[in-house]
Amino acid sequence: MKSLALEGVSVRVGARTLLDDVSLELRTGEFLALVGPNGAGKTTLLRALLGLIPTTAGRVLVGTEPLSALTARARAAEVAWLPQQPPPAEPVPAREAVMAARYRFDETRAVTRRAAEHALERVGLAGRAAAPLSELSGGERQRVAVAALLAQEARFLLLDEPANHLDPAQQGETYALLGRLLESDVGILCITHDVNLLNHVRAAPRVAGLRGGKLGFTLELGAPELPERLSELFGVRMLALRAGSSRLIVPAPPDTPGGEP
Amino acid sequence: MTRRALLLAGTSLALMALAVLVGPRLEGAEGAFILWQLRVPRVLVGGLVGGTLALTGAAFQTLFANPLASESTVGTTAGATLGALTALALDLPGGFPVLFGCACLGAALTSLSVMLVARSGRAAMSDVLLAGITVTVATGALSVGLQYVSDSRALVAAARWSLGQLPQVGYEGVLVLAPLVVPAWLVLLALGRALQTFAFGEELSASRGVNVSRLRTLVLAASSLSVAACVAWCGPIAFVGLIVPHVVRRSVGPALGRVLPLSLVTGATFLVLCDGLARSVSPGRELPVGVVTAALGAPALVLLLFRARKA
């Protein structure tokens, strides 16, 4: 088991504090969801874990080694990133967009190509490998981005709202796919606005709440106090509803009495 | 796509070889001299220069994430021109090495300053271009100033040079240019995979293992050096690096693994053909090749701007 961790990390830009003394650990085989209101510092946290922004205080560690000590290629073997925006609609074939994620590998173009096609297959785009991104829908481009993330074969996957641009069926499928990846010993950190999608992840995910650059809580998805903590985090009353064996946490419609809890 | 790429490369090379036949028919010893001492070296130098400019243009378009970037629009050519003109107008001793050194310095300084503008965060596509135009205009003004203070002999030399031309006798140009531009080609071609990854976004490419600052330094250094060598030898030749990569992309798609080498080959042919045109427009008289590329390039730039606006 390996870990990717923030140790007392602060990020300041000018007078603004984007992250304030955050400590967080992600282990392989684990799914951690990062939630918080807009501007809470979620994307900044991801960028710090990727080594894309310098930290003002604290360290980012892979195992026991500082992330900053790794070469760019070695870092790409540890952490991979799915940005919030899907790749732009340019006339680049989907396959080519996924192949670019294999930069860290010293391999022939044929091997890269096969790996890219395999990754596209896993996200259900096997027949679209040659299609230019400009001819794909927003949802399909998002799946190309997920395929690229898989193709990089990094140990830790950091995703910024992977369900963006996807219809409900694809949202569920994407989270189920991420859940299955945990079996191959990767660690996943995923920014989301919808904790209910985590029900598609088989393993028990943890949920970390970030607000104003500070880490508020880290709880199991099934923790009884989660709805209340989410209510505090977002400043809106959340209801917990039962649906089969799952619990759904949703914002209360106006004038709703009661609810559980 | 692969077949099309091979076809484009084959046609380009064949056209370049045929370019030595442009002009009056050659006969006897005089004809042999004209062929081997005038036309062949001229085609070779044209190929070296055209290939360099087009390859640099293709690399710049990716590095600046801007389809209108090229060595002539972001100011590299202008910087090299100013550097070389300074040497010419001040009649500096030392010949080509000094001229080349001055051009190199000018090219490196302008590429670097435009790159800083491009990196300053929210720089839009047009900002980079504006920075390049600013550098070009400033260079123009400075060169006029330089010509004003220099003597008439230096002035004539500077004016002739600044039109951009390829004529030469013998192989000195090939021997001077090849060792300066061919290593730069190899560097740029070797960076194809990194540039292709970079094309999907700077931060994303960094997260995928590209050492972005190293990539940037290598592309800028290789481009500045090779463009400066071309400018110092032939004078400024505009628009090759802007048009050729676009034509190549339109025919073989945007994958840089194909675009970079094909820009090199097609750029070489394009400049050689432009030079053929410059030689044969009016019998007995030659146009500078820079005039021909500018005449073709300016409307092409307008067309590209229109396209960019539509998209």
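What you are looking at is a predicted structure, and each value in this text was computed from that prediction instead of being measured.

Student: Would you mind going over the domain arrangement of chain A with me for this structure?
Tutor: For an interface, size is often stated in terms of accessible area lost upon the parts coming together. Residue and element names in this part refer to chain A. The assigned domain composition of chain A is domain 1 (3-89 + 152-222) and domain 2 (224-261). Between domain 1 and domain 2, the contact holds 13 residues from the first and 8 residues from the second. Looking at the side of domain 1 that touches domain 2, the elements that each hand over two or more residues are β9 (206-211) and β10 (214-220). Looking at side-chain class alone, the side of domain 1 that touches domain 2 contains 7 nonpolar, 5 polar and 1 charged residues.

Student: Please explain the pairing of strand β6 (residues 79-82) of chain A as it appears in this structure.
Tutor: Each regular strand shows side chains that alternate between the opposite faces of the sheet. Residue and element names in this part refer to chain A. Alternating positions in β6 separate into two faces, Val79 and Trp81 on one and Ala80 and Leu82 on the other, with burial throughout. Judged from the 4 bridges that link them, β6 and strand β7 (residues 156-160) form a sheet pairing that is parallel. What sits directly across from Trp81, in β7, is Leu158.

Student: Is there a simple way to explain the packing of helix α1 (residues 2-18) of chain B against helix α12 (residues 256-280) of chain B in this structure?
Tutor: A packed helix pair is summarised by two numbers, namely the angle formed by the two axes and the spacing between the axes. Residue and element names in this part refer to chain B. α12 packs onto α1 with a crossing angle of 25° between their chain directions and a minimal axis gap of 9 Å. On the basis of their axis angle, the class for α1 and α12 is roughly parallel. The crossing of α1 and α12 is left-handed. Facing Ala5, Leu8, Ala9, Ser12, Leu13, Leu15 and Met16 of α1, the residues of α12 in contact are Arg258, Leu262, Val265, Thr266, Ala268, Thr269, Val272 and Leu273. Class assignment for the residues of the contact of α1 with α12 results in 11 nonpolar, 3 polar and 1 charged.

Student: How do you make sense of the interface of chain B and chain A when you look at a structure like this?
Tutor: At the interface, 14 residues of chain B touch 19 residues of chain A. Of all the elements in the fold, those that place two or more residues in the side of chain B that touches chain A are α8 (192-198) and α9 (202-207) of chain B. The greatest single-element share of the side of chain B that touches chain A, amounting to 4 residues, is contributed by α9 of chain B.

Student: Just checking my understanding: could you explain the packing of helix α3 (residues 76-89) of chain B against helix α6 (residues 152-161) of chain B for this structure?
Tutor: Residues and elements named next belong to chain B. Across the interface, α3 lies against α6 with an axial gap of 8 Å and an inter-helix angle of 155°. Here α3 is positioned roughly antiparallel relative to α6, judged by the angle of their axes. In the crossing of α3 with α6, the sense of the turn from one axis to the other is right-handed. The segment α3 lies against α6, with Leu85, Leu88 and Ala89 engaging Ala154, Ala157, Ala158 and Trp161. For the contact of α3 with α6, the per-class residue count stands at 7 nonpolar, no polar and no charged.

Student: Can you help me understand the sheet that holds β7 of chain A in this one?
Tutor: To summarise the sheet geometry, strands pair through backbone hydrogen bonds and adopt either a parallel or an antiparallel arrangement. Residues and elements named next belong to chain A. Pairing within the open sheet is mixed, and its 6 strands lie in the order β6-β7-β8-β3-β9-β10. Here the strands that pair on one side only, and so sit at the sheet edges, are β6 and β10. Taken pair by pair, the neighbouring strands of this sheet meet at an average axis angle of 20°, ignoring direction.

What counts and how
- Residues numbered from 1 in each chain as written.
- Chains lettered and ligands numbered in written order.
- Predicted model: local features only at pLDDT ≥ 70, side-chain atom pairs only at ≥ 80, totals over all residues.
- Domains from an automatic or database assignment.
- Contact = placed C-beta atoms within 7 Å.
- Helix = DSSP H or I, 4+ residues; strand = E, 2+ residues; numbered from the N terminus.
- Nonpolar A, V, L, I, M, F, W, Y, C, P; charged D, E, K, R; others polar.
- Buried ≥ 20, exposed ≤ 12 C-beta atoms within 10 Å, placed from the backbone.
- Pairing = 2+ DSSP bridges.
- Axes fitted to C-alpha atoms, helices over the stretch in contact; angles between N-to-C directions.
- Parallel < 35°, antiparallel > 145°, perpendicular 65-115°, else oblique.
- Left-handed = near helix turned anticlockwise from the far one by under 90°.

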